[in-house]
Amino acid sequence: MCGRPQQAVEQVAVVIRAMGNGVDRLVSSVAMVGMPTAPAYARALDLDDARVRDFLFEGARREGFDIPLDNSMCGAVWDADNETHVRAWLA
């Protein structure tokens, strides 16, 4: 996961719910400053996953979290119930 920062960083968290009919919904998005956390079973953020990438960028846009195109993102993704949780920060 790009290595976890040793200090508080600006980050964005989004929650995506699978509606069961092939449609996903952005449940929440939050921009915050703090130590990134994720469960031990979380997988690394993969921006090649269009579903995760699109919802992450939309959630970041809604929260005013600027993601410069020339920066790489680090983060974690995990599934719980019918929701996908994404936590990301600038590398």
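Analysis parameters
- Residues numbered from 1 in each chain as written.
- Predicted model: local features only at pLDDT ≥ 70, side-chain atom pairs only at ≥ 80, totals over all residues.
- Heavy atoms only, no water.
- Buried < 20%, exposed > 50% of the residue type's maximum accessible area, 1.4 Å probe, protein only.
- Helix = DSSP H or I, 4+ residues; strand = E, 2+ residues; numbered from the N terminus.
- Pairing = 2+ DSSP bridges.
- Salt bridge = Lys/Arg side-chain N within 4 Å of Asp/Glu carboxyl O.
- Contact = heavy atoms within 4.5 Å.

> Quick question: what am I supposed to make of the pairing of strand β1 (residues 9-18) here?
Remark: a regular strand shows side chains that alternate across the two faces of the sheet. Extensive coverage of β1 is indicated by the burial of 7 of its 10 residues. Bridge count between β1 and strand β2 (residues 24-34): 10 bridges; the pairing is antiparallel. By the bridge assignment for β2, Ile16 is matched with Leu26. Here β1 folds back onto β2 in antiparallel fashion, the turn holding 5 residues, of which Gly20 has a positive phi close to 90°. Where β1 lies against strand β5 (residues 83-90), 7 bridges are found, and the strand directions are antiparallel. Within the sheet, the bridge partner assigned to Ala13 lies in β5 and is Arg87.

> I tried to follow the pattern of salt bridges on my own but got confused; where do I start?
Here the idea is simple: oppositely charged side chains can pair when their charged atoms come close. Inspection of every chain in the model, using the stated rule, returns 6 salt bridges. For Arg17, the salt bridge goes to Glu83, with nearest N and O atoms at 2.4 Å. With Arg17 in strand β1 and Glu83 in strand β5, this pair connects stretches of sequence that are 66 residues apart. Note that Arg51 is salt-bridged to Asp24, the shortest N-O span being 2.6 Å. Taken together, the residues span a long stretch of sequence, with Arg51 in helix α1 (residues 50-63) and Asp24 in strand β2 at a distance of 27 residues. Given the relative accessible area of 28%, Asp24 is considered partly exposed. The network of salt bridges with shared partners includes Glu58, Arg61 and Arg62.

> Mind showing me how you'd approach the environment of Val27 here?
Inspection of the secondary structure assignment puts Val27 in strand β2. For Val27, a relative accessible area of 33% corresponds to the partly exposed category. For the pair formed by Val27 and Arg17, sequence separation is 10 residues and the distance between their alpha carbons is 6.3 Å. Setting aside anything within four residues of it in sequence, one finds Val27 in contact with Val15, Ile16, Arg17 and Glu83.

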